[in-house]
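# Coordinate analysis (summary)
Given next are the chains, with one letter for each unit.
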2 protein chains.
Amino acid sequence: MTTLDDRPSIAVSTVIFTLQPNESGEPELRIPLVRRIREPFADLWALPGGPLAQTEDLADSASRTLRETTGLEPRYLEQLYAFGDPARSPGERVVSIVYWALVGGDEAGQVFDSENVAWFRADDLPELAFDHNLIVDYALWRLRTKLEYSRIAHGFLGDTFTLAQLREVYEVILQRPIDPGNFRRTMEASGTVVATGERLTGTPHRPPQLYRYNAEPTASNEFDLGPLSHRVLTAKESA
Amino acid sequence: MTTLDDRPSIAVSTVIFTLQPNESGEPELRIPLVRRIREPFADLWALPGGPLAQTEDLADSASRTLRETTGLEPRYLEQLYAFGDPARSPGERVVSIVYWALVGGDEAGQVFDSENVAWFRADDLPELAFDHNLIVDYALWRLRTKLEYSRIAHGFLGDTFTLAQLREVYEVILQRPIDPGNFRRTMEASGTVVATGERLTGTPHRPPQLYRYNAEPTASNEFDLGPLSHRVLTAKESA
């Protein structure tokens, strides 16, 4: 007879990236973690997530986790990988299907920091529960790779943004300075963003132009997920 | 009380690509399918796979399926995606973690074609069980995308091959002719392949040089899976 213990169980976890300012006001790439209150790995920090409900879609489960942990809706959500090493969870076989998400920094700034949820620098984490350090390393690698050939950077920003704000996203994530003139020319040539005709308010003098993400298809965004593209939530679709 | 039916179950399936000659001797991209002998979708063709065993790693499960279906070891094996639509399998919630694999055409030519296993043209399939048509479409898209920026084409060939054989792999999969001179220059400049110093035997006159895959790391193969690269089987590692 098949018993419960003969079947691996499924969890869905989410790596949620945002940019938040540190004490000096410099933006940092951060993720929220949840402190585990029971074994295995009690007291260690872990990615937010939980068991897949019988009638819930995978991406819906990841969105729900994100909402419950941060109070936010994702601006970008994509499946990362299924982690299934038989030894990754002591005492029980759990396959974790992991998503990664981007949330806007302005939104994330309003988020509660309770005793058991906190934001950490993505590239300077403590020892996490399960194989979650490996999972975050892989998510960081995917974020950096994808930023180079796809149009996801605006997922960290609001609906409109200046080119300097967009460039700062690239600089923080790729961890290198980017020449402002080259960046402007590349962005304008790529058709990734379009000028809104409006300007940033609240700046003293010669306020910079505001841009928005260009939702028209271009060669570069066909790269995303091909036949599964409808399964990626973008700011536009989730709004 | 939690019962078996409260938990989704996990299957692992594999899209196995190979190149095989058609009646005219032209290579075609093909995948093996298995005829279902019970409901749901009895008599329809489906991707090879089955339930994940409690103690089996995901990639091991995909390799086992491949071996049981075709008698072959994969030359390339990578996780594709986890498909978990609650409605994809009537009567039971099944999440399928799908891998894709390349096997060499010479090896695949020796494979049995039993009544319930057959090779089909990957771009001309009948209606398959479950969401397997969508899965194959996505795997085809991933194969074509990856062929453009990564070094996987040799997975269809033996340990040594001529540049004409390698170019034919690209032509069949990308479905467009490629200029032989440009191809030679691109391959030589990329460092993807190295000349063995040997020549093809059995050809009448001026036999072409044999090349092998260059296992040294280059910029282009760092693209593969980043921190998870050790989870991709290549011809070298699986040999």
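Rules used throughout
Residues numbered from 1 in each chain as written. Chains lettered and ligands numbered in written order. Predicted model: local features only at pLDDT ≥ 70, side-chain atom pairs only at ≥ 80, totals over all residues. Heavy atoms only, no water. Helix = DSSP H or I, 4+ residues; strand = E, 2+ residues; numbered from the N terminus. Buried < 20%, exposed > 50% of the residue type's maximum accessible area, 1.4 Å probe, protein only. Contact = heavy atoms within 4.5 Å. Pairing = 2+ DSSP bridges. Polar contact = N/O pair within 3.5 Å; in protein donor to acceptor, adjacent residues only side chain to side chain. Axes fitted to C-alpha atoms, helices over the stretch in contact; angles between N-to-C directions. Parallel < 35°, antiparallel > 145°, perpendicular 65-115°, else oblique. Left-handed = near helix turned anticlockwise from the far one by under 90°. Nonpolar A, V, L, I, M, F, W, Y, C, P; charged D, E, K, R; others polar. Phe/Tyr/Trp six-rings, centres within 6.5 Å; stacked < 30°, edge-to-face > 60°. Salt bridge = Lys/Arg side-chain N within 4 Å of Asp/Glu carboxyl O. Core = buried A, V, L, I, M, F, W, Y, C linked by side-chain atoms within 4.5 Å. pLDDT = per-residue confidence, 0-100. Expected span 1.5 Å × (residues − 1). Arc of directions from axis to C-beta. Lys, Arg positive; Asp, Glu negative; His and termini not counted.

## A short note on the overall build of chain A
The secondary structure content of chain A amounts to six helices and ten strands. Here chain A holds 239 residues, and the buried ones make up 50% of them. Taking as baseline every contact in chain A between residues at least 6 positions apart, the subset at least 24 positions apart corresponds to 63%.

## Notes on the sheet that holds strand β10 (residues 209-213) of chain B
All names here are of chain B. What the three strands build is an open sheet, ordered β8-β10-β9; its pairing is antiparallel. Looking along the sheet, the strands with just one partner apiece sit at the ends: β8 (160-161) and β9 (193-199). Pairing of β9 with β10 involves four bridges; the strand directions are antiparallel. Residue R199 lies in a different strand from β10, and its bridge partner there is Q209.

## Some points on the side chain of N22(B)
All names here are of chain B. In this structure, N22 sits in the loop between β1 (9-21) and β2 (27-35). Of the residues examined, N22 reaches a relative accessible area of 18% and is grouped as buried. From its side chain, N22 meets the backbone nitrogen of S24 in a polar contact 3.0 Å long. N22 has contacts with E28 and R30, leaving out every residue within four places of it along the chain.

## A word on the packing of helix α3 (residues 132-149) of chain B against helix α4 (residues 163-174) of chain B
All names here are of chain B. Axis separation between α3 and α4 bottoms out at 10 Å; the angle between their running directions is 140 degrees. Classified by the angle their axes make, α3 and α4 are oblique. For the crossing formed where α3 meets α4, the hand is left-handed. Residues L143, R144, L147 and E148 of α3 form the contact with α4, whose participating residues are Y170, I173 and L174. The residue inventory of the contact of α3 with α4, partitioned by class, reads five nonpolar, no polar and two charged.

## Considering the sheet that holds strand β9 (residues 193-199) of chain A
Read across the open sheet, the three strands follow the order β8-β10-β9 (chain A); overall the sheet is antiparallel. Both outer strands of the open sheet, β8 (160-161) and β9 of chain A, are each paired with one neighbouring strand and no more.

## Brief notes about the packing of helix α4 (residues 163-174) of chain A against helix α5 (residues 180-190) of chain A
Relative placement of two packed helices is described by the angle separating their axes and the distance separating the axes. All names here are of chain A. Look at α4 against α5: their axes get within 11 Å of each other, and the N-to-C directions meet at 100 degrees. Taken together, α4 and α5 sit at an angle that is classed as roughly perpendicular. Residues L163, L166, R167 and Y170 of α4 pack against P180, F183, R184 and M187 of α5. A class-by-class count of the residues in the contact of α4 with α5 yields six nonpolar, no polar and two charged.

## Focus on the packing of aromatic side chains
Counting across every chain of the model gives 16 aromatic pairs over all chains. Judged by centre distance (4.9 Å) and plane angle (65 degrees), the rings of F41(B) and F130(B) are edge-to-face. In this pair, F41(B) sits in the loop between β2 and β3 (45-46) while F130(B) sits in the loop between β7 (117-121) and α3, placing the two residues 89 residues apart along the sequence. Among the residues examined, F41(B) registers a relative accessible area of 25% and is labelled partly exposed. Through a chain of ring-to-ring contacts, three or more aromatic side chains come together here, namely Y81(A), F83(A), Y138(A) and W141(A).

## Remarks on the pairing of strand β5 (residues 76-83) of chain A
Residue and element names in this part refer to chain A. With eight of eight residues buried, β5 is to be regarded as a mostly interior element. In this sheet, strand β6 (residues 94-102) lies alongside β5 in antiparallel orientation, the contact comprising seven bridges. Across the sheet, residue Q79 finds its bridge partner in β6, namely Y99.

## Notes on the pattern of salt bridges
Taken as a whole and judged by the stated rule, the model has 24 salt bridges over all chains. The residue R64(A) makes a salt bridge to E56(A) at a minimum N-O spacing of 2.7 Å. Residue R64(A) is classed as partly exposed on the basis of its relative accessible area of 25%. Residue class for E56(A) comes out buried when judged on its relative accessible area of 14%. Where R75(B) meets D159(B), a salt bridge forms, and the shortest distance between an N and an O atom there is 3.2 Å. Highlighted residues: R75(B) in the loop between α1 (58-70) and β5 (76-83) and D159(B) in the loop between α3 and β8, separated in sequence by 84 residues. Note on R75(B): relative accessible area 12%, which makes it buried.

## Side note on the nonpolar core
Where a protein is soluble and globular, its nonpolar side chains tend to be buried together. Of all hydrophobic cores here, the largest spans 44 residues; its most connected members are F17(B) and L29(B). When residues of this core are traced back to their parent elements, those giving at least two are β1, β2, β5, β6 (94-102), β7, α3, α4 and α5 (180-190) of chain B. Of the residues forming this core, the biggest block, eight residues, is contributed by α3(B). Discounting chain neighbours no more than four positions away, the residues touching L29(B) are F17(B), T18(B), L19(B), F120(B), R121(B), A122(B), L140(B), L143(B), F156(B), V172(B) and I173(B). With 42 residues, the next largest nonpolar core counts I31(A), Y81(A), L166(A) and L174(A) among its residues.

## Comments concerning the confidence of the model for chain A
Parts of the prediction with low pLDDT should not have their coordinates interpreted in detail. Residues and elements named next belong to chain A. On average, chain A scores 84 in pLDDT, and the residues at 70 or more come to 84%. Here helix α6 (residues 235-238) stands out as the least confident element of chain A, with mean pLDDT 38; strand β3 (residues 45-46) is the most confident, with 97. Low pLDDT, under 50, characterises residues 218-223; the stretch is placed with 13 contacts to residues that sit more than four places away or in other chains. Scored below 50 in pLDDT, residues 233-239 shows eleven contacts in the model against residues more than four places distant or in partner chains.

## A look at α4(A)
Residue and element names in this part refer to chain A. Compared with the 16 Å implied by 1.5 Å per residue over twelve residues, the 16 Å span of α4 between its first and last C-alpha is a close match. Turning to α4, its buried residues are L163, L166, R167, V169, Y170, I173 and L174. Buried residues of α4, viewed axially, fall in a sector of 150 degrees; they line one side.

## A few points about the side chain of R7(A)
For R7(A), the position within the fold is in the segment before β1 (9-21). Comment: no salt bridge for buried R7(A); closest opposite-charge side chain is E92(B), at 4.2 Å. Reaching out from R7(A), the side chain makes a polar contact with the backbone oxygen of R7(B) at a distance of 2.6 Å.

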